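The primary structure of each chain is shown beneath.
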Amino acid sequence: MKKNKSIFLLSFALASTFFAGCEDSIDKVNSPIPYESIGGYENSDDVASTHLVSKFSFDGNIADSKNNITNGTGTNVTYGTGIKGEAYQGSASSFIAYNDVASSVVNLKNITVSMWIKTDPHTGGAQSLFMLPKKTDFWGNIFTLIEGTGPATTMLLKNHIQRDVTPSIPWSGQFIEHGGANVLANMFGTWKHLVWTYNGTSSTYSIYIDGQKLDIPASIAKRYASDPATGGGPYGELANSEVSKFIIGGYQQHLGTPWGAADGWMLHYTGLMDEFRIYDAALTDNEVVALYKLEKDKR
């Protein structure tokens, strides 16, 4: 009997060890699997984090998570399914007006604008994706437009930058146009990651679609303060002036005073927009690729 009791106790001890080992194994199997790093980053907000000055995710609200563009009011704003959570859904009358813009945005010297858009061709004018307004001028400081081209497969995109300095330069406000042989292909009907940058040190403009840097001619990429054919030097760092408010999905003329009424060709953006970001630096190629892949992976 004593021998049988010893065998029973030994069996119980072995069984306990076995089940404890199984439990440990189960815990290890069920442990969260860490994300694979992309470009050395775990999350999209880690990319150039010290240079990110504004971020709008549009997850059911119009807030800038960096709190540098604030006090906003949405007009006819709705939300759709985004590339990551929800997205801003534009319409012929939708826009967001923000009253307060921090110095980190006002005093941008270099810039990267990043966003996801999903839109269709339109006619009748130009749709404004966003604008940093200027009180004393018909045009704003910095903005992006999509020109109406009708039922086409290519997008005519225009970006605008500003350099108001003393003494003034002849080409202070510049449109950077992707037209003619440089229109953007395959941009409609699906989510596209659009990034453009301006580097004030090298006076160079770049554009990326879905993480890929486009090969654009020097006539677009290199920016000058006046006609280079007559000795015009590099454009240099950005310098915004008379900044007032900020608008997504419309023009400064849609904001009321001190601007006049909007012209008939000034259209609201009617597509979807998600993960809109502004950086105070020109992101590198690798940073843009990482940002694209991480946001696409919903990180």
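Our structure is the block above this text.
Residues numbered from 1 in each chain as written. Predicted model: local features only at pLDDT ≥ 70, side-chain atom pairs only at ≥ 80, totals over all residues. Heavy atoms only, no water.

Attention shifts here to the pairing of strand β1 (residues 52–56). Counting buried positions over the 5 residues of β1 gives 5, a clear majority of the element. Here 4 bridges tie β1 to strand β17 (residues 272–279), and the two strands are oriented antiparallel to one another. Paired with Phe56 across the two strands is Phe276, which belongs to β17. (Buried < 20%, exposed > 50% of the residue type's maximum accessible area, 1.4 Å probe, protein only. Helix = DSSP H or I, 4+ residues; strand = E, 2+ residues; numbered from the N terminus. Pairing = 2+ DSSP bridges.)

This paragraph deals with helix α4 (residues 285–296). For α4, spanning 12 residues, the distance from its first C-alpha to its last is 17 Å, which sits close to the expected 16 Å at 1.5 Å a residue. Listing the buried residues of α4 in full gives Glu287, Val288, Ala290, Leu291, Tyr292, Leu294 and Glu295. On its buried face, α4 sits against β6 (111–118), β12 (192–199), β13 (204–209) and β17. Backbone geometry just downstream of α4 places Lys298 in the positive-phi region, at approximately 65°. (Expected span 1.5 Å × (residues − 1). Contact = heavy atoms within 4.5 Å.)

A few words now on the pattern of salt bridges. Tallied over the full model, the rule gives 11 salt bridges. Where Asp45 meets Lys55, a salt bridge forms, and the shortest distance between an N and an O atom there is 3.0 Å. Of this pair, Asp45 sits in the loop between α1 (2–30) and β1 while Lys55 sits in strand β1, and the two are 10 residues apart along the sequence. Given a relative accessible area of 29%, Asp45 falls into the partly exposed group. Using a relative accessible area of 8% as the deciding quantity, one classes Lys55 as buried. One salt bridge connects Asp285 with Lys213, and the closest N-O pair in it is separated by 3.7 Å. Of this pair, Asp285 sits in helix α4 while Lys213 sits in strand β14 (residues 212–213), and the two are 72 residues apart along the sequence. When salt bridges with common partners are traced through the structure, they connect Asp45, Lys55, Glu275, Arg277 and Glu295 into a single cluster. (Salt bridge = Lys/Arg side-chain N within 4 Å of Asp/Glu carboxyl O.)

Bringing the side chain of Asn159 into the picture now. Mapped onto the elements of the fold, Asn159 is located in strand β9 (residues 154–162). For Asn159, a relative accessible area of 0% gives the class buried. The residues touching Asn159, leaving out its near neighbours within four places in the chain, are Phe143, Thr144, Gln174, Phe175, Ile176, Trp196 and Tyr205.

The next subject is empty space enclosed by the protein. The final tally for this structure, using the stated rule, is 1 cavity of 30 Å³ or more. Empty space within the largest cavity amounts to approximately 30 Å³. What lines the largest cavity is simply Val105, Leu108, Ile111, Phe130, Leu132, Ile142, Phe246 and Ile278. By residue class, the composition of the lining of the largest cavity is 8 nonpolar, no polar and no charged. (1 Å grid on protein atoms, 1.4 Å probe; cavity = no way out; pocket = protein on both sides within 12 Å on 5 of 7 lines; lining within 4 Å. Points joined across faces, edges and corners; volume = space filled by probe spheres on them. Nonpolar A, V, L, I, M, F, W, Y, C, P; charged D, E, K, R; others polar.)

This part takes up the packing of aromatic side chains. This structure, assessed with the given rule, holds 18 aromatic pairs. Ring centres of Tyr198 and Tyr235 lie 5.9 Å apart, and the angle between their planes is 80°; this geometry places the pair in the edge-to-face category. Separated by 37 residues along the polypeptide, Tyr198 in strand β12 and Tyr235 in the loop between α3 (218–221) and β15 (246–248) bring together distant segments of the chain. For Tyr198, a relative accessible area of 0% puts it in the buried group. On the accessibility criterion, Tyr235 (1% relative accessible area) is buried. Linked through ring pairs, Phe56, Phe58, Tyr88, Tyr98, Phe130, Phe246 and Phe276 together constitute an aromatic cluster. Sitting over the face of the ring of Phe175, Lys158 holds its NZ or CZ atom 5.9 Å from the ring centroid. (Phe/Tyr/Trp six-rings, centres within 6.5 Å; stacked < 30°, edge-to-face > 60°. Lys NZ or Arg CZ within 6 Å of the ring centre and 35° of its normal.)

Turning our attention to the pairing of strand β4 (residues 86–89). Both strand β3 (residues 78–81) and β4 contribute to a ladder of 4 bridges, which runs antiparallel. When the bridges of β4 are listed, Thr81 appears paired with Glu86. If you look at the hairpin formed by β3 and β4, you'll find 4 residues sitting between the two strands, and Gly85 has a positive phi there, around 75°. Bridge analysis of β4 against β17 gives 2 bridges, and the strand direction is antiparallel. Bridging across to β17, Tyr88 finds its partner in Met273.

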